[in-house]
Amino acid sequence: WKGGAQAGSITYAYKVDTNNYNLMILDYAIVLQDPDHDPVEQPKFLLAILDSNNIVIDSVCGYANFIASTSLGWNNVAGSNVIWKDWTKIGFDLSNYHNQTIKVRLTSFDCKEGGHYGYAYYTLNCSKKDITTSSCGETHTNIFSAPEEFLYEWYSSSNPSTRLSTERV
C-alpha cells in the first residue's frame, strides 16, 4: 500500500498466423474493492484487444472497462466491499488478422485515493474455430462437433424455433 494508487498492466503481442490458429480464447477473473468513491476514483479493470497501432479492434467483443460497483451484479463477500467476477471466457475470431500483430492488454487499477485495490487473473490460448461434421450412410443425420470451452445452442435449420441441444457435440 506504500506509494498510494497503483495500476498494473500486461500487454501480450501476437503475430496472427491463421494457418495454425484462428481463434483466441481469453479467460479472466476480476477482484475489486468497492469503496463507493466517485466512479472516476473507483478501482477498475480494463481489457482491450488492439491492433499494432494500439487502436481497439472491436469495441463490443474486444473491449471492457469494469468500474467497481455492486450494481455490476458480481459476487461479493457478505459484510465487505469486495466484489469479484467469476472466470469468464471470451473467444475472439482472428480470421481477418492473418499476418498482423494484435495485442491483448489487461490493466487493473487501485482507487485514485490509494487505499483500495483491483486485480485480475487470466489465461490466454489460441485454437481452431473448426466445426466438424459427420454422417453415416443413407441416414439424414449430421453430427456437429464444435470447439471446447464454450456454451452452445443448436437449432434445426428447418425449425429454427426448436432448440435441439446445448451440448458441444
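A brief structural summary. (Residues numbered from 1 in each chain as written. Predicted model: local features only at pLDDT ≥ 70, side-chain atom pairs only at ≥ 80, totals over all residues. Heavy atoms only, no water.)

Let us look at the sheet that holds strand S5 (residues 75-76). The sheet built from 4 strands is open, its strands ordered S5-S6-S2-S8 with antiparallel pairing. Of all strands in the sheet, those with a lone pairing partner are S5 and strand S8 (118-127), marking the two edges. Bridge count between S5 and strand S6 (residues 82-93): 2 bridges; the pairing is antiparallel. If you follow Asn75 over to S6, its bridge partner there is Trp84. (Pairing = 2+ DSSP bridges. Helix = DSSP H or I, 4+ residues; strand = E, 2+ residues; numbered from the N terminus.)

Before going further, it helps to examine the environment of Lys44. Looking at the element boundaries, Lys44 is found in strand S3 (residues 44-50). Sequence-wise, Lys44 and Lys129 are 85 residues apart; in three dimensions their C-alpha atoms are separated by 31 Å. Excluding its chain neighbours within four sequence positions, the residues that come into contact with Lys44 are Leu32, Asn65, Phe66, Ile67, Thr107, Ser108 and Phe109. (Contact = heavy atoms within 4.5 Å.)

In space, the 4 strands of this open sheet follow the order S1-S7-S3-S4, with antiparallel pairing throughout. This sheet does not close on itself; its edge strands, each paired only once, are strand S1 (7-15) and strand S4 (63-67). Between one strand and the next, the sheet's axes are offset by a mean angle of 5°, whatever the strand orientation. Strand direction decides the pairing type here: S3 and S4, joined by 5 bridges, are antiparallel. Opposite Ala48, over in S4, you have Tyr63 as the bridge partner. (Axes fitted to C-alpha atoms, helices over the stretch in contact; angles between N-to-C directions.)

Taken as a whole and assessed by the stated rule, the structure comprises 9 aromatic pairs. Between Tyr28 and Phe45, the aromatic rings sit 6.0 Å apart at their centres with planes inclined by 20°, giving stacked as the arrangement. Pair noted here: Tyr28 is in strand S2 (residues 23-33) and Phe45 is in strand S3, with a separation of 17 residues, a long-range link. The buried category is assigned to Tyr28, whose relative accessible area is 5%. Consider the rings of Trp87 and Tyr121, whose centres lie 6.5 Å apart with planes at 40°: the pair is tilted. In this pair, Trp87 sits in strand S6 while Tyr121 sits in strand S8, placing the two residues 34 residues apart along the sequence. Given a relative accessible area of 44%, Tyr121 falls into the partly exposed group. Seen from the ring of Phe109, Lys44 lies directly overhead, with NZ or CZ sitting 4.8 Å from the centre. (Phe/Tyr/Trp six-rings, centres within 6.5 Å; stacked < 30°, edge-to-face > 60°. Buried < 20%, exposed > 50% of the residue type's maximum accessible area, 1.4 Å probe, protein only. Lys NZ or Arg CZ within 6 Å of the ring centre and 35° of its normal.)

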